[in-house]
6 protein chains.
Amino acid sequence: MKILVINPNTSEEFNQKLDKAAKEYALPSTEVKVISPKSGPKSIEGIYDEALSVQGTIEVFLDWENEFDGFVVACYSDPLVVYALREITRKPVLGIAEASIHLACLLGNQFSIVTTNDRWAPLLREAVKKYGLEPRCASVRTTGLRVLDLEREGEGAVEKAIEREALAAVKEDGAEVICLGCAGMSGFDKILEQKLGVPVLDGFVCSLKLLELFQQYGLKHSKILTYAAPLSKELTGLSSRFSRVYSKNK
Amino acid sequence: MKILVINPNTSEEFNQKLDKAAKEYALPSTEVKVISPKSGPKSIEGIYDEALSVQGTIEVFLDWENEFDGFVVACYSDPLVVYALREITRKPVLGIAEASIHLACLLGNQFSIVTTNDRWAPLLREAVKKYGLEPRCASVRTTGLRVLDLEREGEGAVEKAIEREALAAVKEDGAEVICLGCAGMSGFDKILEQKLGVPVLDGFVCSLKLLELFQQYGLKHSKILTYAAPLSKELTGLSSRFSRVYSKNK
Amino acid sequence: MKILVINPNTSEEFNQKLDKAAKEYALPSTEVKVISPKSGPKSIEGIYDEALSVQGTIEVFLDWENEFDGFVVACYSDPLVVYALREITRKPVLGIAEASIHLACLLGNQFSIVTTNDRWAPLLREAVKKYGLEPRCASVRTTGLRVLDLEREGEGAVEKAIEREALAAVKEDGAEVICLGCAGMSGFDKILEQKLGVPVLDGFVCSLKLLELFQQYGLKHSKILTYAAPLSKELTGLSSRFSRVYSKNK
Amino acid sequence: MKILVINPNTSEEFNQKLDKAAKEYALPSTEVKVISPKSGPKSIEGIYDEALSVQGTIEVFLDWENEFDGFVVACYSDPLVVYALREITRKPVLGIAEASIHLACLLGNQFSIVTTNDRWAPLLREAVKKYGLEPRCASVRTTGLRVLDLEREGEGAVEKAIEREALAAVKEDGAEVICLGCAGMSGFDKILEQKLGVPVLDGFVCSLKLLELFQQYGLKHSKILTYAAPLSKELTGLSSRFSRVYSKNK
Amino acid sequence: MKILVINPNTSEEFNQKLDKAAKEYALPSTEVKVISPKSGPKSIEGIYDEALSVQGTIEVFLDWENEFDGFVVACYSDPLVVYALREITRKPVLGIAEASIHLACLLGNQFSIVTTNDRWAPLLREAVKKYGLEPRCASVRTTGLRVLDLEREGEGAVEKAIEREALAAVKEDGAEVICLGCAGMSGFDKILEQKLGVPVLDGFVCSLKLLELFQQYGLKHSKILTYAAPLSKELTGLSSRFSRVYSKNK
Amino acid sequence: MKILVINPNTSEEFNQKLDKAAKEYALPSTEVKVISPKSGPKSIEGIYDEALSVQGTIEVFLDWENEFDGFVVACYSDPLVVYALREITRKPVLGIAEASIHLACLLGNQFSIVTTNDRWAPLLREAVKKYGLEPRCASVRTTGLRVLDLEREGEGAVEKAIEREALAAVKEDGAEVICLGCAGMSGFDKILEQKLGVPVLDGFVCSLKLLELFQQYGLKHSKILTYAAPLSKELTGLSSRFSRVYSKNK
């Protein structure tokens, strides 16, 4: 199976982390390629950033779609683009937030998300509500650190902040499982699990493994209603690859 | 007051409808300009279309921001771009779905939305849930017609389909107020209201009038947490106007 | 447009505050009259008080209905009487809680209400739930002060208590917008907004401006189901003006 | 034990029905008196009617409070006055809707309410939500008949309409228990239960029996927060009995 | 009326407490027998314990069913066995959690449960959600003590821990009523009520009194859908009394 | 990896179906053993049946636990025993309902469950609510057929009934994904998927594949709070294997 991991930001360090995690957890028969869009922000720390990443992410998907069997969009923001891609392909596309949250619910009664800057607290609570799993969410906690601090700072300091919030989620909020709420936290899962004594999920690994599961069981997204193929229409000022989608989906 | 109405699709006919409604309902002291992005889809009938409209919509906003006091994004899909714009400006930005739904709740116990193709039923139910108003929503009904049919077909046929669904919402679902679920339905509100005997809301007019209210009362979006200014970062392959935002928001 | 503001308590000081806010925010073409019932409690600090204000409030409405185009019931308790009046008139009637809460949701993701004595915490949470907006409500906080303290105490002390709770709502509960939860707090909005740096809403101004919006857009309450005209019946021991309503609504 | 049943409308026929049911189900040691206010509407078919019944209901309560141990407000509309009375007395006060709905949940997974005119569908759904039991409510169904038809029509016709809706609730909505949604339906419970083969609850009997249970177990309403005693204040234009409440509750 | 109280654990001390409470609160005409299964755990402190009590509890029910008119399953864990028994009998069966929680909602706006070890916090929140009453639940608090400590420790220490948590529920969580969340706390209700000044409910007494109410009003569980009689089938390796149920329910 | 599938009923035909599905979908490196308890009902069609299967299911688990790495409890009823087993082991245990429902949510916006007799409609809606995923559930539909009909009837007839309800779920309820709501439906998934054109999930396969995923990613249930090890206590009248659990979990 060939999986394309689209990191919708342009941080090469993120790609390396994802690549390392993929190497560690993918089945031997799975080939994983991690890629960033050619255009867009260096990190996704809010909706403006996400908005700027949309077009580039679709572009990179369209360029590579034919060569892969499944796709991860490796941003914990419940990106709009996941739903756009599901419309234009019959192959499975997963976001890393939904993947980790659903698996978390199979491992414990209540989960918490630990993420970066404060804006994500309301935004991820909204995403959890959209997934339908608000009753299972003990809390969304933020470290107050920026996404790119995950690289720039000594990892010890960042890891310590994540651990502090995760511990508070367990002790104060009743969390039984922790979800790492940023692709840049990839690789911390088992270290933190060791310290906390509760399951800690890396959303990227979760989506990677779920795509393998989908392939083995022959699962694909539903193509009626929400993810039905887009209706053909005139596009202005956009590369022709964007409208080729319509004929392909006929 | 100067209001910029961004129709995120490129349909000139939509712009004319919005312009007509603006002329009818704006205060004499309000100046309204309706504009489409230079690039993007002719209509927004799903998330792929919305995704393709994002960049163009931000661009047109950035080009005109300084000359206007308030902004409408005239698409009923609860566009992501509304939230992106709120991050990068201190001036009010409204979507037409949220505007009509909140006003509907002040006019009756239960409202229904009547919109175009079937995909919008799950998507708009999700938007209503995100706004928090699911308990007030009797139903989301679709005519099965396409957005651009709102122009191409004899308007009588389209209007009849909308009326049929709106009537069913009232008779079968317990709706006391109807929200027209597409910017292209602008202008049908009072005609339908006459026929049904219940309030019918044109989301565009709702957001236009709410922006006037915001100005008169001095209301602006909150700039903490969800709509806080974006954090400065490197952008790749994007026009420099997108990164000028960061210095402006410092 | 002529707006009647019914302050359902008999405090003249309240009326003066409301009058002042009306003068500040009403359009030049809007005429506002603030009035209290002839009978009832000096303040509304619970359901017993509200119950005692019901009959007087309807009376004053019936006396003046013909001369006005819209009505505010200026009590933050989600008064039953708002719904009673909607049954007996075709003209718009707004409560100040619903007005401010819906506008708050257009300005930020989460709002909090700051009100007076502790009883209002469960009661206003119930009201928010009834409006359907519980998922948007960060908290209801109380100062522990009494309604009439809003006049009697040095305003500085009261304002300080409101500021303290509003700040806690922002810092601890994640509120992005504050609603002042008592008509007697009218006039504090912009002062507090200045201090907190987040939007602060005076429910009275919100409902006043919404009534103007309703008039300009031609909006009226739905008259089916919930607010349908009352069914004619025998009334005992009540002034004949109460039964004249039936013939008028035929 | 002495129970005062306040029928907040002025229909003598209602009182007779309630009296009959009380005679059938009260313990031998329970003394029941059914009474109407001196002023108010002949029936309660909406919020305007309820509003007009408020003052008279409180008056009759104040006149008789000392001689009784518990109180029923025999109207299925979740009357505001129940909550007002709980503030001003330490003796238990029950509404008939809450009483029947809570008992219904102990008898089956899902209940439905069958009531009179259509307005009650949204209003009783709101009441159920306020009680917190919306997840247990299969439906609120209305016969379209008026409250006083419960007397005037041949009872057979009315009973048939109730039976039709109750059957539909069972067959189509998944109801396992039926609540009769009007005090005027008192006496139909066991007849309908016989026909439908599912439990049918008369809210009046439920509240009567619960008051006996409260007495036997020594239960009284909580007097903190929501039902705390009213704060003393000036009353204008109201009989002095209304302000005597304050000194009594000190 | 004859009521069988099945304490699903094998603690004789529990039985004595229940017996004492029954003596105190049952009507003179009610005969109460408290019994434990012949097999099972000494206390129920989790789902494993509950699972081991299931078969013994059904056995003891089948042995005694004919001689009693109503049944209490005296464990606060919302035991599965309550629902199993409702399938196989037409006589009323009540759990003590549901009984106390529904009565609590008739006494105050918000209730809290105070129980023993920490696991019950998520489990009882789940039960409350299942009953549909989550919106009325201020909190579930645990003392951290074990069930059998309720006997072994000086009762003073245990009572102090319960009081501490109950007080915190009132002061910090907004609880207006307290439910004692363990059958072993039977007998503390009125003592704690005295100290806290808010109603405190012993779930066992609640269910006992509700069964008396059921009998007096002629209430029985619904026998359609959820509690319909079990469908006859082959049983392997189980005493024949378990399959006699099928023929009886034909 | 070695997976033990416990079919909690004693139907050998079920075991054969599960065995066949395991052979089709398990990885080559996975060894699967399907087993039934020695005692219990031939099918699980309600809570009484489930209750009778509890002890036997725990017994068979205890007998085999050491030789396996993961466990499926192959009954769609959200069995209590799943939670009991999670307390007494550190190895993963999955139910088939939760497994299929979470995966369904990753494949479409709304899912429906199609199951056997009518009682499961309220019971499975309750289970879905407990998992937290009610907002994603379009409907629970029942064929009205009995569990064992899945074998006895010509499979064509049963399959036709399932197809009819699944189609209605898609056409009328807005389902985008179908979950087969009974272990006995194992093997119909891909046939039905072919006919309906939407994803159809066999809960057994889902849990089998998730256990493989858990192993590959090193996931185990959280052992704090809800699934913490049981507290040691005296057991009466039960085989000693049940109390050996306590020492093992120390």
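Residues numbered from 1 in each chain as written. Chains lettered and ligands numbered in written order. Predicted model: local features only at pLDDT ≥ 70, side-chain atom pairs only at ≥ 80, totals over all residues. Heavy atoms only, no water.

1. Description of the overall build of chain A
Tallying secondary structure elements over chain A gives 10 helices and 10 strands in all. In summary, chain A has a C-alpha radius of gyration of 18 Å against a globular reference of 18 Å for 250 residues, a match within 12%. Considering only C-alpha atoms, chain A reaches an extent of 55 × 35 × 35 Å along its principal axes. Counting all 250 residues of chain A, 70% fall into the buried class. Of the contacts formed within chain A by residues at least 6 apart in sequence, a portion of 72% connects residues at least 24 apart. Accessible surface, chain A as shown: approximately 7700 Å² in total, 48% of it carbon and sulfur. Each charge class in chain A can be summarised by its mean position, and for the 31 positive and 34 negative side chains these summaries are 5 Å apart. (Helix = DSSP H or I, 4+ residues; strand = E, 2+ residues; numbered from the N terminus. Rg over C-alpha atoms; globule rule 2.2 N^0.38 Å. Buried < 20%, exposed > 50% of the residue type's maximum accessible area, 1.4 Å probe, protein only. Contact = heavy atoms within 4.5 Å. Areas by Shrake-Rupley, 256 points an atom, 1.4 Å probe, with all protein chains shown as cover. Lys, Arg positive; Asp, Glu negative; His and termini not counted. Charge placed at Lys NZ, Arg CZ, Asp CG, Glu CD.)

2. Overview of the pattern of salt bridges
One pass over the full model with this rule turns up 114 salt bridges over all chains. The residue B:D63 makes a salt bridge to B:R241 at a minimum N-O spacing of 2.6 Å. With B:D63 in helix α2 (residues 47-64) and B:R241 in helix α10 (residues 241-248), this residue pair connects regions lying 178 residues apart in the sequence. E:E98 serves as the salt-bridge partner of E:R86, at 2.5 Å between the closest nitrogen and oxygen. Of this pair, E:R86 sits in helix α3 (residues 80-88) while E:E98 sits in helix α4 (residues 96-105); the two residues are 12 residues apart in sequence, bridging distant segments of the chain. Just as E:R86 is buried, E:E98 falls in that class too. Overlapping salt bridges, with partners in common, bring together A:R141, A:R164, A:E165, A:E172 and A:D173 in one network. (Salt bridge = Lys/Arg side-chain N within 4 Å of Asp/Glu carboxyl O.)

3. Notes on the nonpolar core
If you look at the biggest cluster of nonpolar residues, it comprises 599 residues, and the most contacted ones within it are A:I58, B:I58, C:I58, D:I58, E:I58 and F:I58. Apart from the residues within four sequence positions on either side, A:I58 is in contact with A:V81, A:A84, A:L85, A:F242, B:Y48, B:A51 and B:L52. (Core = buried A, V, L, I, M, F, W, Y, C linked by side-chain atoms within 4.5 Å.)

4. Re the pairing of strand β7 (residues 137-142) of chain B
Counting buried positions along β7(B) yields 5 of 6 residues, so the element is predominantly enclosed. With respect to chirality, the unit in which strand β6 (residues 111-115) of chain B leads through helix α5 (residues 120-131) of chain B into the neighbouring parallel β7(B) is right-handed. (Right-handed = clockwise from strand over helix to strand, strands pointing away.)

5. Concerning the packing of aromatic side chains
The final tally for this structure, using the stated rule, is 30 aromatic pairs over all chains. Measuring from centroid to centroid gives 4.9 Å for B:Y25 and C:Y217, while their planes differ by 75°, and the two rings are edge-to-face. In this pair, B:Y25 is assigned in helix α1 (residues 12-25) and C:Y217 in helix α9 (residues 203-217), connecting two distinct chains. Grouping residues by exposure puts B:Y25 and C:Y217 together as buried. Consider the rings of E:Y246 and F:Y48, whose centres lie 6.2 Å apart with planes at 80°: the pair is edge-to-face. With E:Y246 in helix α10 (residues 241-248) and F:Y48 in helix α2 (residues 47-64), this pair bridges two chains. With a relative accessible area of 4%, E:Y246 lands in the buried category. The ring of A:F68 is capped by A:K2, whose NZ or CZ atom sits 5.1 Å from the centre of that ring. (Phe/Tyr/Trp six-rings, centres within 6.5 Å; stacked < 30°, edge-to-face > 60°. Lys NZ or Arg CZ within 6 Å of the ring centre and 35° of its normal.)

6. Section: the domain arrangement of chain A
Residues and elements named next belong to chain A. Structurally, chain A comprises domain 1 (2-95 + 205-248) and domain 2 (98-203). Each partner contributes residues to the interface: domain 1 has 27 residues there, and domain 2 has 32 residues. Summed over both sides, the interface of domain 1 with domain 2 buries roughly 2400 Å², with 58% coming from carbon and sulfur. When the buried area of domain 1 at its contact with domain 2 is split by residue, K17, E45 and Y76 rank highest and sum to 35% of it. At the boundary of domain 1 and domain 2, one finds 3 salt bridges. Between domain 1 and domain 2 we count 13 residue pairs in polar contact (both at pLDDT 80 or more) in total. Broken down by secondary-structure element, the contributors of at least two residues to the side of domain 1 that touches domain 2 are α1 (12-25), α3 (80-88), β5 (93-95) and α9 (203-217). Tallying contributions element by element places α1 first for the side of domain 1 that touches domain 2, with 6 residues. Here the residues of the side of domain 1 that touches domain 2 are counted per class, giving 15 nonpolar, 6 polar and 6 charged. (Domains from an automatic or database assignment. Buried area = accessible area lost by both parts, 1.4 Å probe. Polar contact = N/O pair within 3.5 Å; in protein donor to acceptor, adjacent residues only side chain to side chain. Nonpolar A, V, L, I, M, F, W, Y, C, P; charged D, E, K, R; others polar.)

7. Description of the interface of chain F and chain A
Contacts between the two partners involve 50 residues from chain F and, on the opposite side, 50 residues from chain A. Overall, the association of chain F and chain A removes approximately 3800 Å² of surface from exposure, summing both partners, and the carbon and sulfur fraction of that is 64%. Contact with chain A buries area across many residues of chain F, yet F:L106, F:L107 and F:Y217 alone supply 21% of it, more than any other trio. At the junction of chain F with chain A, the criterion picks out 0 salt bridges.

8. Focus on α1(A)
Residues and elements named next belong to chain A. With 14 residues, α1 ought to run about 20 Å at 1.5 Å a step, and its terminal C-alpha atoms sit 20 Å apart, in line with that. F14, N15, K17, L18, A21, A22 and Y25 are the residues of α1 that are buried. All buried residues of α1 project into a common sector of 160° when viewed along the axis, lining one side. Within α1, the exposed residues directed more than 90 degrees away from the buried face are K20, K23 and E24. (Expected span 1.5 Å × (residues − 1). Arc of directions from axis to C-beta.)

9. Some details on the arrangement of the chains
One finds no contact linking chain A with chain D; the least C-alpha distance across the pair is 14 Å. For the non-touching pair chain C and chain F, the nearest C-alpha separation works out to 14 Å.

10. Description of the relation of the copies chain F and chain A
Two copies of one chain are present, and they are related through a rotation about an axis combined with an axial shift. You can overlay chain F on chain A at an RMSD of 0.0 Å; the transform is a turn of 180° with a shift of 0.0 Å along its axis. Within this description, the copies of the chain are treated as partners about a two-fold rotation axis. A symmetric contact is evident, with 100% of the interface residues of chain F recurring at the interface of chain A. (Least-squares fit on C-alpha atoms with pLDDT ≥ 70 in both.)

11. Here we look at the state of the cysteines
Residues and elements named next belong to chain A. Tallying each qualifying case throughout the model produces 0 disulfides over all chains. C179 supplies the cysteine sulfur nearest to C137, a cysteine that is in no disulfide, at a spacing of 8.4 Å. Here C179 stays unpaired: no disulfide links it, and the sulfur of C206, its closest cysteine neighbor, is 7.0 Å away. (Disulfide = S-S within 2.5 Å.)

12. Details of the packing of helix α2 (residues 47-64) of chain E against α10(E)
Residue and element names in this part refer to chain E. Look at α2 against α10: their axes get within 10 Å of each other, and the N-to-C directions meet at 55°. With respect to each other, α2 and α10 are oriented oblique. Crossing angle aside, the handedness with which α2 passes α10 is left-handed. Across the interface between the two elements, Q55, I58, E59, L62 and D63 of α2 pack against R241, F242 and V245 of α10. (Axes fitted to C-alpha atoms, helices over the stretch in contact; angles between N-to-C directions. Parallel < 35°, antiparallel > 145°, perpendicular 65-115°, else oblique. Left-handed = near helix turned anticlockwise from the far one by under 90°.)

13. Let's talk about the packing of α1(B) against helix α9 (residues 203-217) of chain B
All names here are of chain B. One way to put it is that α1 packs onto α9 with a least axis distance of 10 Å and a crossing angle of 45°. Compared by their axis directions, α1 and α9 come out oblique. Once α1 is placed against α9, the crossing between them reads as right-handed. Where α1 abuts α9, its residues L18, A21, A22 and Y25 lie against F204, V205, L208 and K209. By residue class, the composition of the contact of α1 with α9 is 7 nonpolar, no polar and 1 charged.

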